[in-house]
Amino acid sequence: MDQVKQRLTDRTARIGVIGLGYVGLPLILRLSAQGFPVAGFDINETHIAKLKDGKSPFSHIPDADVARLAGADTWLTNDFAQVAQVDAILICLPTPLDQYRQPDLSYVTRSIETIQPYLHPQMLISLESTTWPGTTDEVLRPMVEVDGLVVGRDIALLFSPEREDPGNEKFALHQIPKVVGGATPECLEAGELLYGAIVDQVVPVSSTRAAELTKLLENIQRSINIGLMNEMKMIAQAMDIDIFEVIAAASTKPFGFTPYFPGPGLGGHCIPIDPFYLTWKAKEFGINTRFIELAGEINRAMPSRVVSALQLRLSDHLGKALNGARVLVAGVAYKKNINDLRESPALYVLDLLIARGAAVAYTDPFCPEIPTTRDHPGLTGMASVDPASADWDAVVIVTDHDGVDYEDLARRSGLIIDTRNVYDGPARAASGKIFAA
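For clarity, every value in this text was computed on a predicted model and none was experimentally measured.

**Here we look at the pattern of salt bridges**
A complete count under the given rule lists 25 salt bridges for this structure. D393 is the partner of K320 in a salt bridge, and the nearest nitrogen-oxygen pair spans 3.7 Å. Linking K320 in the loop between α12 (302-318) and β9 (326-330) with D393 in strand β11 (residues 392-397), this pair joins segments that are 73 residues apart in sequence. The exposure class of K320 is partly exposed, given its relative accessible area of 37%. The partner of D408 in a salt bridge is R412, and the shortest N-O contact between them spans 3.0 Å. Separated by four residues within a single helix, D408 and R412 lie in helix α14 (residues 406-412), roughly one turn from each other. Because the salt bridges share partners, they merge into one network encompassing D137, E138, R141, E145, R209, K281 and E284.

**Structural notes on the packing of aromatic side chains**
Counted by the stated rule, this structure contains four aromatic pairs. Ring geometry for W132 against W280: centres 5.3 Å apart, planes inclined by 50°, an arrangement best described as tilted. On the criterion of sequence distance, the pair formed by W132 in the loop between β5 (123-127) and α6 (135-144) and W280 in helix α10 (residues 275-282) is long-range, its members being 148 residues apart. One cation-aromatic arrangement involves R101 over F276; the distance from NZ or CZ to the ring centre is 4.5 Å. Above the ring of Y107, the side-chain terminus of R110 is found at 5.5 Å from the ring centroid.

**With respect to the environment of L20**
Of note, L20 is situated in the loop between β1 (15-18) and α2 (24-33). For L20, a relative accessible area of 0% corresponds to the buried category. For the pair L20 and Q85, spaced 65 residues apart in sequence, the C-alpha to C-alpha distance is 18 Å. Setting aside residues up to four positions removed in sequence, L20 forms contacts with L25, I28, G40, F41, D42, H47, I48, L51, F58 and L76.

**Remarks on the sheet that holds strand β2 (residues 38-41)**
Overall, mixed pairing links the eight strands, which are arranged β3-β2-β1-β4-β5-β6-β7-β8 in an open sheet. With partners counted over all chains shown, the strands left at the sheet margins are β3 (74-77) and β8 (202-205), one partner each. For this sheet, the mean inter-axis angle between neighbouring strands, taken without regard to orientation, is 20°.

**Some remarks on the nonpolar core**
Counting residues in each nonpolar core, the largest one holds 76 residues, and the members touching the most others are I15, L31, I89, L90 and L124. Non-local contacts of L90, meaning those with residues more than four positions away in its chain, are made with I15, G16, V17, I18, L27, L31, L124, S126, L194 and Y195.

**Let's talk about the environment of S207**
Within the element layout of this structure, S207 appears in the loop between β8 and α8 (208-238). You can call S207 partly exposed: its relative accessible area is 25%. Taking the C-alpha atoms as reference points, S207 and A436, 229 residues apart in sequence, are found 45 Å from one another. Setting aside chain neighbours within four positions, we find S207 in contact with G181 and G182. Engagement of the side chain of S207 in a polar contact is seen with the backbone nitrogen of A210, the distance being 3.0 Å.

**Quick notes on α12**
Between its first and last C-alpha, α12 extends 23 Å over 17 residues, near the 24 Å set by a 1.5 Å rise per residue. Within the span of α12, buried status applies to M302, P303, V306, V307, L310 and L314. For α12, the angular spread of the buried residues around the axis is 145°, confining them to a single face. If you follow the buried residues of α12, they end up packed against α8, α11 (290-300), β9, α13 (345-355), β11 and β12 (413-418).

**Considering the pairing of β5**
Look at any regular strand and the pattern is simple: side chains alternate between the two faces of the sheet. Most of β5 is tucked away, with five of its five residues classed as buried. A two-sided burial pattern is seen for β5, the buried positions comprising M123, I125 and L127 on one face and L124 and S126 on the other. With four bridges connecting them, strand β4 (residues 88-91) and β5 associate as parallel partners. Bridge assignment links L90 to a residue of β5, and that residue is S126. Pairing geometry for β5 and strand β6 (residues 155-159), over five bridges, is parallel. In the sheet register, I125 faces β6, and the bridge partner there is L157. Once the chain exits β5 it traverses α6 before rejoining the sheet at β6, and the crossover so formed is right-handed.

**Let's talk about the packing of helix α1 (residues 2-10) against helix α7 (residues 185-196)**
The contact between α1 and α7 brings their axes to 9 Å, and the two run at 15°. The orientation of α1 with respect to α7, classified from their angle, is roughly parallel. The way α1 lies across α7 gives a crossing that is left-handed. In this structure, α1 contributes K5, L8 and T9 to the contact, and α7 contributes E186, E189, A190, L193 and L194. In the contact of α1 with α7, the residues fall into four nonpolar, one polar and three charged.

**Here we look at the pairing of β8**
Judged from the four bridges that link them, strand β7 (residues 178-182) and β8 form a sheet pairing that is parallel. In the sheet register, V180 faces β8, and the bridge partner there is P204. Considered for its hand, the β-α-β crossover made up of β7, α7 and β8 is right-handed.

**Section: the environment of E138**
By secondary structure assignment, the location of E138 is in helix α6. Judged by its relative accessible area of 36%, E138 is partly exposed. Taking the C-alpha atoms as reference, E138 lies 22 Å from E218; in sequence the two are 80 residues apart. Apart from the residues within four sequence positions on either side, E138 is in contact with W132, R209 and K281.

Parameters and conventions
Residues numbered from 1 in each chain as written. Predicted model: local features only at pLDDT ≥ 70, side-chain atom pairs only at ≥ 80, totals over all residues. Heavy atoms only, no water. Salt bridge = Lys/Arg side-chain N within 4 Å of Asp/Glu carboxyl O. Helix = DSSP H or I, 4+ residues; strand = E, 2+ residues; numbered from the N terminus. Buried < 20%, exposed > 50% of the residue type's maximum accessible area, 1.4 Å probe, protein only. Phe/Tyr/Trp six-rings, centres within 6.5 Å; stacked < 30°, edge-to-face > 60°. Lys NZ or Arg CZ within 6 Å of the ring centre and 35° of its normal. Contact = heavy atoms within 4.5 Å. Pairing = 2+ DSSP bridges. Axes fitted to C-alpha atoms, helices over the stretch in contact; angles between N-to-C directions. Core = buried A, V, L, I, M, F, W, Y, C linked by side-chain atoms within 4.5 Å. Polar contact = N/O pair within 3.5 Å; in protein donor to acceptor, adjacent residues only side chain to side chain. Expected span 1.5 Å × (residues − 1). Arc of directions from axis to C-beta. Right-handed = clockwise from strand over helix to strand, strands pointing away. Parallel < 35°, antiparallel > 145°, perpendicular 65-115°, else oblique. Left-handed = near helix turned anticlockwise from the far one by under 90°. Nonpolar A, V, L, I, M, F, W, Y, C, P; charged D, E, K, R; others polar.

What follows is the structure in structure tokens.
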């Protein structure tokens, strides 16, 4: 692998990125900015055309950043035969759960099958998609060792988990340490050369399995702690205590406490999904992951609890039934100030409200229309409305975007269910119609 290492060192290696979504697009932008010739691969022709036109598909990535690719040594294509011309491939594809909550690696395996005829010696392949420990070695390695190619001799095989956090303005990609595990020591050496050229710190680990488990641990920790806070919120509400006040007070302890916050449920492609990759794999070893499963159970129940809280408040406060009530859901992205709807709890809230007969609309400045999703087909094409276009029996704040006139929302609504602490405890108490959930 000396040839590919030399090309990585002098930055003449052409780096291909498969999947130009929330993970792949920032990665190819960074590679290009660091002087590498790059190739972006995606099966979505419309997506490729938009990128070639210098338009960003994501609200947190400026058009100007994408436009710079047009003037660089860049290919953007859905022609996977071009893999034959690249020196490295970084795979950034979804790894969802299927309807039985079991790992679905089909996006990754289909991409490997597609590029198999174009693999060649002196090549690096890195999987960045979150998965269960053993995937790189047990699934990918046999698929890339074709036509006499040998991992560690001809091909450097790596796992380096993505740590992308859309909309996080505190940490740019290059500031986030990159964990890298290699199938062999030679593979790891090549991986350190690649990632060391684009991030400030590379964190090498002993194996691809260790790297795979690292990513799962990061997200499982968040899932469990958020689940704990959601449970604490239920207890606090039953005792008429403001959980956000309690968290703020506990956060003043300078050691031993890390604040996590309750909410309407988990969203994004990582935290709601990744823990169950380990749950599935652990069963192979006869281990039941009780903490993980309990946290998942609590977090998945939160949208239903939000709707139940709304139903109760409508009845007690306004004397209205949920059936027929005019309800506005404020925010459908899974987190503030981005247009990412993946696994958003707002979609579950909308479906539940519709099923219970509410007259539902939503407003979100980042998401003008709900696209087709696997789990929420009935919401396809639903469009954001101007919150000032009507008065509402109730507003449910699911995503706390900046720039929203929350005072006007309060004026236009009979009551508000605030799942994000937009209105602090004193403001809620003074209003008489704003309730935490």
